[in-house]
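Residues per chain are reported as follows:
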Amino acid sequence: MKVRIPVNYVGMTDQMVFSAALPTSLTVTIRDNGKQLRQIAKQHLHLNIDISHYLTEEKGILTLQAEMLRPKLQDLLPGSTAVQHITPEAISTEYTVLQKKLVPVRVVSQVSVAPQHQLVGEVQVTPNQVYIYGTQADIANIDYITTDSLYHNNLRDSIAMTAQLVAPKNIRVNPKHVVAKWQAEPFTEKNFTLPITAVGTPEGQYMRLFPQKVDVIVRVGISHFAEVGKSDLKAFCRYPTQASRSIPVEIITDNPYITNIRFTPSEVEYIVESRD
């Protein structure tokens, strides 16, 4: 009697590339008494082959003779059952074991928000890193993987989109897709009046500014309104490197919830005086 036994290749990874598809089943001719054969026909037999045991080099030829598999097949069958013939008589194919590298994902997108709204933070990508597989030469200069272009207009709250990763030539990527998520919220504004500090003034000199304060308007999402205060901002002017009537005002902040800063005046006049 002939039985078809599916083959399950264990130990397979994305690093393994075969020149020909491996057979998904074996046809095995067996002999036994009728009752035993009928029992075998009702069973769901399958053969596990750990392919990693046979790939010992970066490149080579995988060859599995049928006789090498006979003991494994015999273990699946009753002791009285004889394995007479196995088809195919050999599994043979060229293989390559690729190198792998973990790289970040960059999202290619055009996402616009609704009026009076702003994005909250950066786009969140899951996973934000993926493995690429290829020859050492092919992956050496790849520092990141990009997504297909994603588009969305008039965003008011949050949206998650699945993006396919763009694999360079001769490169495998795992996983092949990521999820990109954006969040938007309405924004409001806060107003502050800040003193302007002179910086870089040479020792023994004093730089007097006119005016000495600047009016600042910052944009902040409504969910973080209470987390933005006057102390989050610094206003200053740098000591001029060449003579001029006025110098620019600069505003800095390290508060991530401040997304836009407007201020006036943008320049102030100054006088440099001696401290003596």
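Predicted, not measured: the structure shown is a model, and the values here were computed from it.

Enquirer: Just to check I follow, could you spell out the pairing of strand β19 (residues 213-221) for this structure?
Expert: When a strand is regular, its side chains alternate between the sheet's two faces. Looking at chain direction, strand β17 (residues 177-199) and β19 are connected through nine bridges and run antiparallel. Across the sheet, residue Leu-194 finds its bridge partner in β19, namely Val-214. By the bridge criterion, six bridges tie β19 to strand β23 (residues 258-264) in an arrangement that is antiparallel. When the bridges of β23 are listed, Val-216 appears paired with Phe-263.

Enquirer: Quick question: what am I supposed to make of the packing of aromatic side chains here?
Expert: Pairs of aromatic rings are described using the distance from one ring centre to the other and the angle between the two planes. Under the criterion given, the structure shown has one aromatic pair. Ring geometry for Tyr-131 and Tyr-133: centres 6.4 Å apart, planes at 35°, overall tilted. Over the ring of Tyr-144 we find Arg-106; its NZ or CZ atom is 3.7 Å from the centre of that ring. Positioned above the aromatic ring of Phe-225 is the side chain of Lys-190, whose terminal nitrogen or guanidinium carbon lies 4.2 Å from the ring centre.

Enquirer: Before we go on, may I ask you to explain helix α2 (residues 66-76) in this structure?
Expert: Listed as buried for α2 are Ala-66, Leu-69 and Leu-73. For α2, the angular spread of buried residues about the axis comes to 60°, placing them on one side. In α2, the exposed residues that point more than 90 degrees away from the buried face are Glu-67 and Asp-75. Of the surrounding elements, those touching the buried residues of α2 are β1 (2-10), β3 (25-31), β4 (47-50), β5 (59-65), β6 (82-87) and β7 (90-97).

Enquirer: How should the pattern of salt bridges be read in this particular structure?
Expert: Charged atoms that come close allow side chains of opposite charge to pair. Applying the stated criterion to the full structure yields five salt bridges. Between Arg-262 and Glu-189 there is a salt bridge whose closest N-O contact spans 2.8 Å. Residue Arg-262 is located in strand β23, and its partner Glu-189 is located in strand β17; the two are separated by 73 residues in the primary sequence. Owing to a relative accessible area of 38%, Arg-262 belongs among the partly exposed residues under this scheme. Its salt-bridge partner being Glu-250, residue Arg-238 comes within 2.7 Å of it at the nearest N-O pair. You can see Arg-238 sitting in strand β20 (residues 233-238) and its partner Glu-250 sitting in strand β22 (residues 250-253), a full twelve residues away along the chain. Judged by its relative accessible area of 27%, Glu-250 falls in the partly exposed class.

What counts as what
Numbering of residues starts from 1 in every chain and runs along the sequence as written. Selection of residues for local features in this predicted model requires a pLDDT of at least 70, selection of side-chain atom pairs for listing and counting requires 80 or more, and totals for whole chains, interfaces and linings are taken over all residues. Side-chain calculation: all heavy atoms of the structure are included, whereas hydrogens and water are not. The rule for pairing is simple: two strands pair if DSSP sees at least two bridges between them. Elements are defined by DSSP. Helices are runs of H or I of four residues or more, strands are runs of E of two residues or more, and each kind is numbered from the N terminus. Only centres within 6.5 Å qualify two rings of Phe, Tyr or Trp (six-membered ring in Trp) as a pair; their planes then separate them into stacked at under 30 degrees, edge-to-face at over 60, and tilted for everything else. Only Lys NZ and Arg CZ are tested; either one counts as a charge over a ring when it is within 6 Å of the ring centre and within 35 degrees of the ring normal. Each residue is assigned to one of three classes by its accessible area relative to the maximum for its type, calculated with a 1.4 Å probe on protein chains only: buried under 20%, partly exposed between the two thresholds, exposed over 50%. As used here, the arc belongs to the directions running from the helix axis to the C-beta atoms. Residues are treated as being in contact if the distance between any of their heavy atoms lies within 4.5 Å. Whenever Lys or Arg places a side-chain nitrogen within 4 Å of a carboxyl oxygen from Asp or Glu, that contact is recorded as a salt bridge.

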